[in-house]
Amino acid sequence: MGNASSMLTQYDIEEVQEHCHKLFSLQEIVSLYQRFCQLDRNAKGFISADEFLSVPEFAMNPLSQRLLKMVDGLNFKDFVAFLSAFSAKASVQQKIQLIFKVYDSDGNGKVSFNDILEVLRDLSGSFISDNQREQVLTQLLKEAGYLRDSYLMLDDFIKVFGSSGLKMEVEVPVD
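Residues numbered from 1 in each chain as written. Predicted model: local features only at pLDDT ≥ 70, side-chain atom pairs only at ≥ 80, totals over all residues. Heavy atoms only, no water.

The chain carries the name Calcineurin subunit B-like isoform X4 in an unreviewed UniProt entry, which gives Durio zibethinus as its organism.

Trainee: I'm lost on the packing of aromatic side chains in this one. Help?
Mentor: How two aromatic rings sit relative to each other is given by the distance of their centres and the angle of their planes. Here the structure, examined in full by the defined rule, presents 9 aromatic pairs. Both rings, one in Phe 76 and one in Phe 79, keep their centres 6.4 Å apart while their planes meet at 35 degrees; by these two values the pair is tilted. With Phe 76 and Phe 79 both in helix H6 (residues 76–84) and 3 residues apart, the pair spans about one turn of that helix. You'll find Phe 76 and Phe 79 in the same group, each marked buried. Feature note: the residues Tyr 33, Phe 36, Phe 52, Phe 58, Phe 76 and Phe 79 constitute an aromatic cluster, connected by ring pairs. Note that Lys 44 overlies the ring of Phe 46, its terminal NZ or CZ placed 5.1 Å from the centroid. (Phe/Tyr/Trp six-rings, centres within 6.5 Å; stacked < 30°, edge-to-face > 60°. Helix = DSSP H or I, 4+ residues; strand = E, 2+ residues; numbered from the N terminus. Buried < 20%, exposed > 50% of the residue type's maximum accessible area, 1.4 Å probe, protein only. Lys NZ or Arg CZ within 6 Å of the ring centre and 35° of its normal.)

Trainee: Explain the packing of helix H1 (residues 10–19) against H6 here, please?
Mentor: When two helices pack together, their arrangement is given by the angle between the helix axes and the distance between those axes. It is the contact of H1 with H6, at a shortest axis distance of 9 Å, that shows an interaxial angle of 40 degrees. If you check the angle between H1 and H6, you find them oblique. Here H1 and H6 pass one another in a crossing that is right-handed. Listed contacts from H6 to Glu 15, Val 16 and His 19 of H1 are Phe 76, Lys 77, Asp 78, Val 80 and Ala 81. Residue composition of the contact of H1 with H6, by class: 4 nonpolar, 1 polar and 3 charged. (Axes fitted to C-alpha atoms, helices over the stretch in contact; angles between N-to-C directions. Parallel < 35°, antiparallel > 145°, perpendicular 65-115°, else oblique. Left-handed = near helix turned anticlockwise from the far one by under 90°. Contact = heavy atoms within 4.5 Å. Nonpolar A, V, L, I, M, F, W, Y, C, P; charged D, E, K, R; others polar.)

Trainee: Explanation requested: the nonpolar core in the structure shown.
Mentor: Grouped burial of nonpolar side chains is what soluble globular proteins tend to show. Among the nonpolar cores identified, the biggest contains 45 residues, and Phe 52, Phe 76, Phe 79, Val 80, Leu 152 and Phe 157 are the most heavily contacted of them. Split by domain, the residues of this core number at least three in each of domain 1 (10–87) and domain 2 (91–169). (Core = buried A, V, L, I, M, F, W, Y, C linked by side-chain atoms within 4.5 Å. Domains from an automatic or database assignment.)

Trainee: Is there a simple way to explain the environment of Asp 149 in this structure?
Mentor: Inspection of the secondary structure puts Asp 149 in the loop between helix H9 (130–143) and helix H10 (154–161). Spatially, the C-alpha atoms of Asp 149 and Ser 112 are 7.2 Å apart, while their sequence positions differ by 37 residues.

Trainee: Any chance you could explain the UniProt feature "domain: EF-hand" (unreviewed entry) in the chain here in plain terms?
Mentor: When the UniProt feature table is mapped to this numbering, "domain: EF-hand" (unreviewed entry) covers residues 27–62 and 91–126. Taken end to end, residues 27–62 is 61% helix and 0% strand, and its first and last C-alpha atoms sit 31 Å apart. End C-alpha atoms of residues 91–126 are separated by 32 Å, and the span's content is 67% helix alongside 0% strand. (UniProt positions renumbered as here; feature names shortened; annotations may be inferred.)

Trainee: Help me understand H9, please; the structure alone is not making it clear to me.
Mentor: Residue pairs spaced three or four apart in an α-helix point in one direction, given the helix's 3.6 residues per turn. Across its 14 residues, H9 extends 20 Å between first and last C-alpha, which sits within 8% of the 20 Å expected from 1.5 Å per residue. Listing the buried residues of H9 in full gives Arg 133, Leu 137 and Leu 141. The buried residues of H9 occupy one face: seen down the axis, they fall within an arc of 60 degrees. Facing away from the buried side of H9, by more than 90 degrees, are the exposed residues Val 136, Lys 142 and Glu 143. If you follow the buried residues of H9, they end up packed against helix H8 (113–124) and H10. (Expected span 1.5 Å × (residues − 1). Arc of directions from axis to C-beta.)

Trainee: Can you walk me through the packing of helix H7 (residues 92–103) against H10 in this structure?
Mentor: Contact geometry for H7 and H10: axes closest at 10 Å, N-to-C directions at 110 degrees. Judged by the angle between their axes, H7 and H10 are roughly perpendicular. For the pair formed by H7 and H10, the contact residues are Gln 93, Ile 96, Gln 97, Ile 99, Phe 100 and Tyr 103 on the first element and Leu 154, Phe 157 and Ile 158 on the second. Of the residues in the contact of H7 with H10, the class split is 7 nonpolar, 2 polar and no charged.

Put into structure tokens, the structure is as follows:
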């Protein structure tokens, strides 16, 4: 599985469905496999960071450099699992777990004030000053009962950001 010249078997599809908590139908998985094979230009069985950057929507994302750390070298099963967080069927918990990983750029399981500030800087660019970002973030943490020097674990992160009504759906084209 993962080589552009190979075909998905029913077993492969069921295994991928289990791996992504059945968020994608059989037809969607086949469509994702075709897209995976298009991206995997050298038929290595995984997608490199450069291959991901060939997707215009991905390359234009202000968080693309952070996301690249998460997706570089994904095989097909992990590619589908990564995309499952963007499914309309994914739970808020699954979406927040992905977002937490984006913020936790060093992968230590904790998000600091500066980690969040960096993401806010990536997202807002020069539209907001560093001082304004710091004030907003300090207030947000304070309202949730945290200090500026607090480290947020996943549960804390959910407490602070989980009630924001996240929208991360992406259409999976089905041919």
